[in-house]
Amino acid sequence: MLFVVRFTDLPGQGAIRAEFLQQHIDWLAERQAQIKVAGSLRHELGETPVGALWIVEADSKTAVEAAFQSDPFWQQGLRQSVEIYHWSKALPEVIAQV
């Protein structure tokens with residue numbers, strides 16, 4: 001199953017993001033089989049991110065929740081909240097390269 005995961009960061013925590021960014025990127029790279037797409041969200045280009053969006057392949061919401069528990073951003077308290085949605089991809093036969 002596919003899921004969309006939307007993280008909201010705690011305001012004013014850009015220093016935590018900067019300090020642990022490389023560890024977070026390395027963590028994501030190790031999980032590319034499960035976390036298909038990941039990236040930060042900003043209100044305007046060039047601003048500090050306010051959160052992130054992932055597309056995750058997993059058997060259940062519980063598996064998605066378990067996946068991000070070891071993310072350095074999660075462990076360091078950067079994330080304020082998380083929303084997990086089942087995602088029904090339109091045009092499932094189309095494979096998009098992002």
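Residues numbered from 1 in each chain as written. Predicted model: local features only at pLDDT ≥ 70, side-chain atom pairs only at ≥ 80, totals over all residues. Heavy atoms only, no water.

Caption draft 1: Seen up close, the layout of surface pockets. Of the pockets and cavities examined, the second largest pocket occupies roughly 280 Å³. Forming the boundary of the second largest pocket are 19 residues, of which His24, Ile25, Leu28, Ala38 and Gly39 lie nearest the centre. Where the lining of the second largest pocket is concerned, the elements lending two or more residues are helix H1 (14–29), strand S2 (35–41) and strand S3 (51–57). For the lining of the second largest pocket, the per-class residue count stands at 11 nonpolar, four polar and four charged. (1 Å grid on protein atoms, 1.4 Å probe; cavity = no way out; pocket = protein on both sides within 12 Å on 5 of 7 lines; lining within 4 Å. Points joined across faces, edges and corners; volume = space filled by probe spheres on them. Helix = DSSP H or I, 4+ residues; strand = E, 2+ residues; numbered from the N terminus. Nonpolar A, V, L, I, M, F, W, Y, C, P; charged D, E, K, R; others polar.)

Caption draft 2: Representation of the sheet that holds strand S4 (residues 79–86) in the model. Spatial strand order, S2-S3-S1-S4: four strands in an open sheet with antiparallel pairing. The open sheet has two free edges, formed respectively by S2 and S4, since each of these has just one partner strand. Each adjacent strand pair in this sheet contributes to an overall mean axis angle of 15 degrees, direction not counted. Here seven bridges tie strand S1 (residues 2–9) to S3, and the two strands are oriented antiparallel to one another. Following the sheet pairing, threonine 8 is matched in S3 by glycine 51. The strands that helix H2 (residues 61–68) touches are S1, S3 and S4; relative to S4, the one it contacts most, it runs at about 150 degrees. (Pairing = 2+ DSSP bridges. Axes fitted to C-alpha atoms, helices over the stretch in contact; angles between N-to-C directions. Contact = heavy atoms within 4.5 Å.)

Caption draft 3: Highlighting the packing of aromatic side chains. Counted by the stated rule, this structure contains five aromatic pairs. Ring centres of phenylalanine 7 and tryptophan 54 lie 4.6 Å apart, and the angle between their planes is 65 degrees; on these two criteria the pair is classed as edge-to-face. Separated by 47 residues along the polypeptide, phenylalanine 7 in strand S1 and tryptophan 54 in strand S3 bring together distant segments of the chain. Exposure class is identical for phenylalanine 7 and tryptophan 54. Each is buried. Grouping aromatic residues by their ring pairs yields a cluster made of Phe7, Trp27, Trp54, Phe68 and Trp74. Arginine 79 extends its terminal NZ or CZ atom over the ring of phenylalanine 7, reaching a point 4.5 Å from the ring centre. (Phe/Tyr/Trp six-rings, centres within 6.5 Å; stacked < 30°, edge-to-face > 60°. Buried < 20%, exposed > 50% of the residue type's maximum accessible area, 1.4 Å probe, protein only. Lys NZ or Arg CZ within 6 Å of the ring centre and 35° of its normal.)

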